[in-house]
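Chains, contacts and geometry: an overview
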Amino acid sequence: MDKSLSPDRHYTDFFTDIKERIRRSQYDALKAVNKELIQLYWDIGRMIVEKPQDLGWGRSVVEQLSKDIQGEYPGIQGFSTTNLWNMRLFYLEIQQHENLQPLVGEISWTKNFLILTKCKDPLEREFYMLHVRKFGWSKDVLVHQIENKTYEKYLLNQTNFDQTLPEKYKHQAKLAVKDHYTFDFLELAEEHSEHELEQALVKNIRKFLMEMGVWFTFVGNQFRLTVGEKEYFIDLLLFHRKLKRFIAVELKIGEFKPEYKGKMEFYLIALNERYKEDGENDAIGIIVCKSKDKTVVEYSLKTTTQPIGIATYSTSTHLPEEYSKYLPAPDVIAERLAIVKDLFEDEK
């Protein structure tokens, strides 16, 4: 074999660069095609809205339009009567909200319409559009996130990050902690022990990490801390790649108690002093309980200098019926979404 054709390190690096350039080109081409398609659907939706109003046409014009388009372009997809009505609805809904208009061209038509039909609040729609654009959620993942009420769980989370973390990290950290975790993938009886909960989560580690959110990796369970001559054990230890810090998780099968906070503070200090590597940031704690009194949590978090979040969990998809009534005012939600948007833009 000709030695000049034998791959070496320089050629391997060269080929890797070429592959990356091809991949980027293909991705950019797909994005451009999708953007043009969304613009086409937007324009058709607008024209369907405007023309019948101008000329007094009835509803039958949309059915006729669908037949004529498919007759003119045999085999063309996406122009059924139903989809033309969807384009009309898409235009009517999105044209009312300027904050959504730049986002719709960044995600697929299927995901746009899914968000449009499953989420009625424009701020909720913006939240999911931002996350689909950032993380490339598939349709199934998007449905799961919406049905799992990820939007509400993010907005309602209770942490002390504003007081305990630098400006550089506190907003990203808030995105990493939910108010409620749904472990509906666990086959647990309604009455279960903390050990059973922990073991079930470890056995379903992939689904557990999906519920926790992007950027989490699993370090271990019953992670041993040696302090002095005694040993202590953290239920679950995770690492957040974006925040570059340990996430200590304590599981409680009852209601949150203020004394849980002190134990978590101890764990975080020990992790920082004994296990944090150069280049890593101080650890964060998440105490996951079966239930909590939000006022008790608020008071408890006021007196600690360690970054801690308090969440609840359930082993079914059921959430309290009054969950949504605790959502912040629309102006507060809009402010938090603006922060999310800025964070995502900075990470590009």
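As a reminder, the structure under discussion sits directly above these lines.
Predicted model, so just to flag it, every value in this text is computed and none were measured. Residues take numbers from 1 onward in each chain, read along the sequence in its written order. It should be noted that, the model being predicted, local features are given only for residues of pLDDT at least 70 and side-chain atom pairs only at 80 or more, the latter also being counted only at that level, while totals for whole chains, interfaces and linings use all residues. The basis for every side-chain value is the complete set of non-hydrogen atoms in the structure, without hydrogens or water.

Quick word on helix α12 (residues 205-212)
Worth spelling out the cut-off: Throughout, exposure labels follow a simple rule: accessible area from a 1.4 Å probe, protein chains only, divided by the maximum for the residue type, with under 20% read as buried, over 50% as exposed, and the rest as partly exposed. Elements are defined by DSSP. Helices are runs of H or I of four residues or more, strands are runs of E of two residues or more, and each kind is numbered from the N terminus. The directions from the helix axis to the C-beta atoms are what the arc is built from.
Listed as buried for α12 are F208, L209, E211 and M212. Across the axial projection of α12, the buried residues extend over an arc of 160°, all falling on one side. With its phi angle positive at about 125°, G213 sits one or two positions after the end of α12.

Brief notes about the pattern of salt bridges
If charged atoms from side chains of opposite charge come close, those side chains can pair. Selection criterion: Any carboxyl oxygen of Asp or Glu that lies within 4 Å of a side-chain nitrogen of Lys or Arg is treated as forming a salt bridge with it.
Taken as a whole and judged by the stated rule, the model has 20 salt bridges. Close ionic contact of E106 with K35 constitutes a salt bridge, the shortest N to O distance being 3.8 Å. Highlighted residues: E106 in the loop between α4 (101-104) and α5 (109-118) and K35 in helix α1 (residues 9-55), separated in sequence by 71 residues. Given the relative accessible area of 30%, E106 is considered partly exposed. Residues K170 and E167 are paired through a salt bridge, measuring 3.0 Å at the closest nitrogen-oxygen approach. With K170 and E167 both in helix α10 (residues 167-175) and 3 residues apart, the pair spans about one turn of that helix. For K170, a relative accessible area of 13% translates into the label buried. Look at the salt bridges and you will find they share partners, linking D162, E167, K170 and K174 into a network.

Some details on the packing of α5 against helix α7 (residues 139-147)
To keep things clear, this is the line we draw: Between N-to-C directions, angles span 0 to 180 degrees; the directions come from axes that are lines fitted to C-alpha atoms, helices contributing only their stretch in contact. Between 65 and 115 degrees an angle is taken as roughly perpendicular, under 35 as roughly parallel, over 145 as roughly antiparallel, and anywhere else as oblique. Two helices that cross are described as forming a left-handed crossing if the nearer one is turned anticlockwise from the farther one by less than a right angle, and a right-handed crossing if clockwise. It only takes one pair of heavy atoms within 4.5 Å for two residues to be counted as in contact. Throughout, the ten residues Ala, Val, Leu, Ile, Met, Phe, Trp, Tyr, Cys and Pro are labelled nonpolar, Asp, Glu, Lys and Arg are labelled charged, and all others, Gly among them, are labelled polar.
Running from amino to carboxyl end, α5 crosses α7 at an angle of 15°, the nearest separation of the two axes being 10 Å. Considered as vectors, α5 and α7 are oriented roughly parallel to each other. In this structure, the crossing between α5 and α7 has a hand that is right-handed. Two secondary-structure elements touch here, α5 through T110, K111, L114, I115 and K118 and α7 through K139, L142, V143, I146 and E147. For the contact of α5 with α7, the per-class residue count stands at 5 nonpolar, 1 polar and 4 charged.

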